[in-house]
Amino acid sequence: MSKIILTGDRPTGKLHVGHYVGSLRRRVELQNSGEFDKIFIMIADAQALTDNADNPEKVRQNIIEVALDYLSVGLDPAKSTLFIQSQIPELTELTFYYMNLVTVSRLQRNPTVKSELQMRNFGTSIPVGFFTYPISQAADITAFKATTVPVGEDQEPMLEQCKEIVRKFNSVYGEALVEPEILLPDNAACLRLPGIDGKAKMSKSLGNCIYLSEEPDSIKKKVMSMFTDPNHIRVEDPGQVEGNPVFIYLDAFAKDEHFAEFAPEYSCLQEMKDHYQRGGLGDVKVKKFLNNVIQAELEPIRNRRKEFQKDIPYVYDVLKKGSEVAKEVAAQTLSDVKDAMKINYFDDKELIAMQSAKYEETVD
């Protein structure tokens, strides 16, 4: 069986470092590993519209922002297919068929859906499209027969729901769909990077993000204002490392070579953590080190983005060609699904022949 990746992002704004350590950096590694036969990276604009239907221009304008971020981190159109979800109508038809395989109560039990609904404070005014987006995600994944879906841990319930749909479909109609496996970040700190304010989730809507395209002065300002151990008041006080956002970010970003360049008194992160825990290491010094690390990581990304920004028609051409490739693949899967469901009436020669024979006997 071919090894295929499907993953993507909602175009509701520029991508941030949470996206980067949670998925983007890993996507580039997987793309360049040579282990996968096909890699599909989707800009999920149709999904973004499920809770932005009254502001389509926001989604429309952010298509290019996400595409620029993709290219700037190193996603290569020669190795990965970059496409726009709404340009693949087959995904909508697959979603419609899968809806018959999922109950309302099952959607209500999905932890990701529950937390998203609570965060957006919909109350009883939940858009149906938003409520059913786990089904839409299953269509996205299965349309490309993805075997691997690299995402953050908050998406695990979505992958489990997709697996349930695949199993249900295959048990009712026959083996037509591929069951995917989730691929989580191998660095625990990357599973879910907290916001700079210490809140559990980095979110554009909460304004607690550091964006990939952010300028150096703005990054420094945000890093130096980051939430840390509230009990670490004086330099000599012992500090808490666990749950401390500054150290979570260092777990996600810092490499041994960063210490040689920016903090030569330490050989590795563990030495810095030990010093902080026993006291004698101030938050300002740790934040300055984190700022240097993040600046070193983001500078080449920001510079590549500025180069791609000079040729926006090229970026749209990449998305157009990728969408054409994706549409062809999704169309084949849809054909397989309709064959399995036996709603391929005009292509089913056996059905036509059988019914012709039946009525010929009647005439005789």
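I will try to describe carefully the structure that is included in this document. Keep in mind that what you see is a predicted model, and the values were worked out from it rather than measured.

Reading the values: rules and limits
Residues numbered from 1 in each chain as written. Predicted model: local features only at pLDDT ≥ 70, side-chain atom pairs only at ≥ 80, totals over all residues. Heavy atoms only, no water. Core = buried A, V, L, I, M, F, W, Y, C linked by side-chain atoms within 4.5 Å. Buried < 20%, exposed > 50% of the residue type's maximum accessible area, 1.4 Å probe, protein only. Helix = DSSP H or I, 4+ residues; strand = E, 2+ residues; numbered from the N terminus. Pairing = 2+ DSSP bridges. Right-handed = clockwise from strand over helix to strand, strands pointing away. Phe/Tyr/Trp six-rings, centres within 6.5 Å; stacked < 30°, edge-to-face > 60°. Lys NZ or Arg CZ within 6 Å of the ring centre and 35° of its normal.

**Some points on the nonpolar core**
For step 1, the next point in the chain: Among the nonpolar cores identified, the biggest contains 57 residues, and Tyr249, Leu250, Phe253 and Met272 are the most heavily contacted of them.
For step 2, the next point in the chain: With eight residues, helix H3 (residues 56–73) is the largest single contributor of residues to this core.
For step 3, the next point in the chain: In terms of nonpolar packing, the next biggest core, distinct from the first, is built from 43 residues, Tyr98, Phe144, Val166 and Ala176 among them.

**Side note on the pairing of strand S1 (residues 4–9)**
For step 1, the next point in the chain: For S1, a buried count of five out of six residues is recorded, marking the element as mostly surrounded by other parts of the structure.
For step 2, the next point in the chain: The pairing of S1 with strand S2 (residues 38–43) spans six bridges and is parallel. The residue bridging Ile5 from the neighbouring strand is Ile39, located in S2.
For step 3, the next point in the chain: As for the winding sense of the linkage, the β-α-β connection from S1 through helix H1 (residues 17–33) to S2 is right-handed.

**Looking at the packing of aromatic side chains**
For step 1, the next point in the chain: Per the stated rule, a full pass over the model turns up 11 aromatic pairs.
For step 2, the next point in the chain: Ring plane angle 15 degrees and centroid distance 6.4 Å describe the contact between Tyr20 and Phe253, whose orientation is recorded as stacked. One end of the pair, Tyr20, is in helix H1; the other, Phe253, is in helix H11 (residues 245–253), with 233 residues separating them in the sequence. Comparing Tyr20 with Phe253, the two get one shared label, buried.
For step 3, the next point in the chain: An aromatic cluster of three or more residues is present, and its members are Phe40, Phe83 and Phe144.
For step 4, the next point in the chain: Sitting over the ring of Phe36, Lys3 keeps its end group 4.9 Å from the ring centre.

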